[in-house]
Amino acid sequence: MKKAALLLSAMMLAGCSTTEPPECDCSSSQPPTSEAVSDSNKKAIAALFSYLAKEAVKQWGEDDYVESSKHRFVKYLDGYQTRAHIDFEAGKIYVSTVSQYQPKEKLQKAIVQTVLMPADPKYAEQFTDKDIQLNGKPFFLGQIVDQEGKSIEWEWRANRFADYLIANKLHSKKIKTGTAYYVEIDMVKDHLEQREYQYAHFVRDASKRYDIPEDLIYAVIKTESSFNPYAVSHAGAYGLMQVIPKTAGADVFNLVKKKPGMPTKEYLFDPANNIDTGTAYLHILKTRYLRDVKNASSKHFSMISAYNGGTGGVLATFHPDRKQAMVELNRHSPKQVYDKLTTKHPKGEARRYLQKVLYFQKDFNEGKI
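About the criteria used
All residue numbers here refer to positions counted from 1 along the written sequence of the relevant chain. Whole-chain, interface and lining totals are the exception, using all residues; otherwise, since this is a predicted model, local features are given only for residues with pLDDT of at least 70 and side-chain atom pairs are given and counted only at 80 or more. Hydrogens are left out, water is left out, and the side-chain values use all remaining heavy atoms of the structure. By the criteria applied, helices consist of DSSP H or I runs no shorter than four residues and strands consist of E runs no shorter than two, each listed in order from the N terminus. Working definition: with a 1.4 Å probe on protein chains only, accessible area under 20% of the residue-type maximum means buried, over 50% means exposed, and in between means partly exposed. When checking whether two residues touch, look at their non-hydrogen atoms; a contact exists if any pair is within 4.5 Å. Aromatic contacts are taken between Phe, Tyr and Trp rings whose centres are within 6.5 Å, Trp giving its six-membered ring; a plane angle under 30 degrees counts as stacked, one over 60 as edge-to-face, and the others as tilted. Here, over-ring charges are defined by two tests on the NZ atom of lysine or the CZ atom of arginine: distance to the ring centre within 6 Å, and angle to the ring normal within 35 degrees. Salt bridges are defined by distance alone: a side-chain nitrogen of Lys or Arg within 4 Å of a carboxyl oxygen of Asp or Glu. In this analysis, strands are considered paired if DSSP registers two or more bridges between them. Comment: axis = line fitted to C-alpha atoms, over the contacting stretch for helices; angle = value between 0 and 180 degrees taken between N-to-C directions.

Visitor: Please provide a residue-by-residue account of the overall build of the protein, values included.
Guide: Looking only at helices and strands, the protein has 14 helices and 5 strands in total. In the protein, which comprises 369 residues, the proportion classed as buried is 54%. The contacts in the protein between residues at least 6 apart in sequence include a share of 63% that link residues at least 24 apart.

Dropping the structure here:
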């Protein structure tokens with residue numbers, strides 16, 4: 001996508017809501033120290049990933065170990081010998097086992113648990129090998145269909161689908177620790193839209209509540225997680241909008257919700273809470289940390305970049321001194337601000353992040369997401 005098209009798209013998309021957003025304490029444009037990622041939070045998450053890797057590698061070997069990421073959910077089962085690997089970007093599900101004892105039975109059980117997996121992440125603990133608890137409406141209802149083209153809501157249909165896959169679609173391959181048996185499941189073509197529809201009312205409500213355009217919220221969710229409510233990153237970010245409790249979460253609690261502390265991971269795994277918190281943080285960026293950015297499009301670009309790389313990263317792109325950086329930012333045209341943030345930002349990820357979000361904003365308005 002050409003820069004000019006992205007720039008024009010973002011300028012056109014920047015919109016306003018007539019709903020009054022919650023009052024934010026905007027007495028200072030400088031972010032508090034909580035903007036820096038909490039070392040303790042990162043260490044806690046790193047310890048969980050490390051433990052999971054240690055246990056799973058024993059069964060799969062280092063070359064065939066797979067772990068969860070923002071756009072991928074991996075759930076290990078059965079002493080870490082069996083796993084469900086869900087690629088939310090590609091719309092693919094891989095259910096595999098390295099168990100040499102009754103592998104078909106292990107796959108059968110894992111397939112059923114996967115296709116009926118509930119939307120609440122607490123029922124699918126990704127850092128243990130506990131079974132997925134089948135509780136409530138399946139998250140993948142409508143996103144997966146069986147061999148007859150029917151949606152899978154009940155256990156009897158899930159079992160029949162698992163029987164079909166094992167009888168007709170079973171594959172095997174040699175790995176260092178033995179033989180892996182697996183099946184592949186394709187999600188429906190509009191799987192992304194199916195997930196988007198699940199959260200439409202939460203996005204609409206948050207947009208009105210915080211005066212943030214719906215297309216921006218959708219674009220951030222698509223960029224952060226591909227609408228994966230189970231997403232956890234090594235930085236300790238949770239859920240659809242990848243909110244970090246100690247940073248964005250604490251800011252929202254203190255500045256918008258007017259309460260101490262920070263959200264728990266359970267709070268952030270709830271889609272309604274996650275979308276509310278992520279959108280409230282965009283509101284804080286807009287009305288507090290970046291309130292002195294004069295041009296609306298420049299502010300739009302800066303907000304998006306800051307959501308990923310922090311306000312400090314945005315300002316550092318223009319000058320080491322924060323006050324002078326704001327002066328320099330306002331001296332630039334919107335196109336120059338975009339160019340700087342996508343080529344000179346201190347973090348490579350943040351440069352690409354702005355491009356991705358603007359691209360997905362355009363896609364949303366063209367009906368592609």
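From this point, the narrative continues.
Visitor: Please give an account of the packing of aromatic side chains that cites residues and values.
Guide: Tallied over the full model, the rule gives 16 aromatic pairs. Where Phe88 meets Phe139, the ring centres are 6.3 Å apart and the plane angle is 65 degrees; that geometry is what we call edge-to-face. Here Phe139 lies in the loop between α3 (103-115) and α4 (155-168) and Phe88 lies in the loop between β2 (82-87) and β3 (92-97), a separation of 51 residues in the sequence. Here the two residues Phe88 and Phe139 agree in accessibility, since each one is buried. Pairing Tyr218 with Phe364 gives two aromatic rings, centres 4.6 Å apart and planes at 20 degrees, and the pair type is stacked. Of the two residues, Tyr218 is situated in helix α7 (residues 214-225) and Phe364 in helix α14 (residues 348-365); the sequence distance between them amounts to 146 residues. In this structure, Tyr218 and Phe364 share a single accessibility class: buried. Ring pairs connect the aromatic residues Phe73, Phe88, Phe139, Phe140 and Tyr230, which therefore count as one cluster. Over the ring of Trp60 we find Arg83; its NZ or CZ atom is 3.8 Å from the centre of that ring. Just above the ring of Phe253 sits the side chain of Lys259; from NZ or CZ to the centre is 4.4 Å.

Visitor: Go over the pattern of salt bridges, please, and point to the residues and values.
Guide: Enumeration over the complete set of coordinates arrives at 20 salt bridges. Asp63 is the partner of Lys176 in a salt bridge, and the nearest nitrogen-oxygen pair spans 3.0 Å. Highlighted residues: Lys176 in the loop between β4 (171-175) and β5 (178-186) and Asp63 in the loop between α2 (39-60) and β1 (72-77), separated in sequence by 113 residues.

Visitor: Account for the pairing of β5, with residues named and values stated.
Guide: The pairing of β3 with β5 spans 6 bridges and is antiparallel. Across the sheet, the residue bridging to Ile93 is Ile185, located in β5. Inspection of the sheet shows β4 paired to β5 by 5 bridges, in the antiparallel sense. Across the sheet, residue Ser172 finds its bridge partner in β5, namely Tyr181. Count of turn residues in the β4/β5 antiparallel hairpin: 2 residues.

Visitor: Got a sec to walk through the sheet that holds β1? Specific residues and values, please.
Guide: The strands making up a sheet associate through hydrogen bonds between their backbones, and the pairing can be parallel or antiparallel. Read across the sheet, 5 strands follow the order β1-β2-β3-β5-β4 without closing on themselves; strand pairing throughout is antiparallel. The strands lining the two open edges of the sheet, one partner per strand, are β1 and β4. Taken over all neighbouring pairs, the strand axes of this sheet differ in orientation by 20 degrees on average, direction set aside. Against the sheet, α3 engages β1, β2, β3 and β5, with an angle of about 150 degrees to β3.

Visitor: Which residues make up unusual backbone geometry, and what are the values?
Guide: One non-glycine residue, Tyr80, adopts positive backbone phi at about 70 degrees. In this fold, Tyr80 is placed in the loop between β1 and β2. Residue Phe227 is not a glycine yet carries a positive backbone phi of 60 degrees. With respect to the secondary-structure elements, Phe227 resides in the loop between α7 and α8 (245-256).

Visitor: Quick rundown of the environment of Val74? Include the residues and the values.
Guide: With respect to the secondary-structure elements, Val74 resides in strand β1. Assessed through its relative accessible area of 0%, Val74 is described here as buried. Separated by 52 residues in the primary sequence, Val74 and Gln126 place their C-alpha atoms 6.8 Å from one another. Discounting residues that sit within four places of it in the chain, Val74 has contacts with Val66, Glu67, Ser68, Arg83, Ala84, His85 and Gln126.

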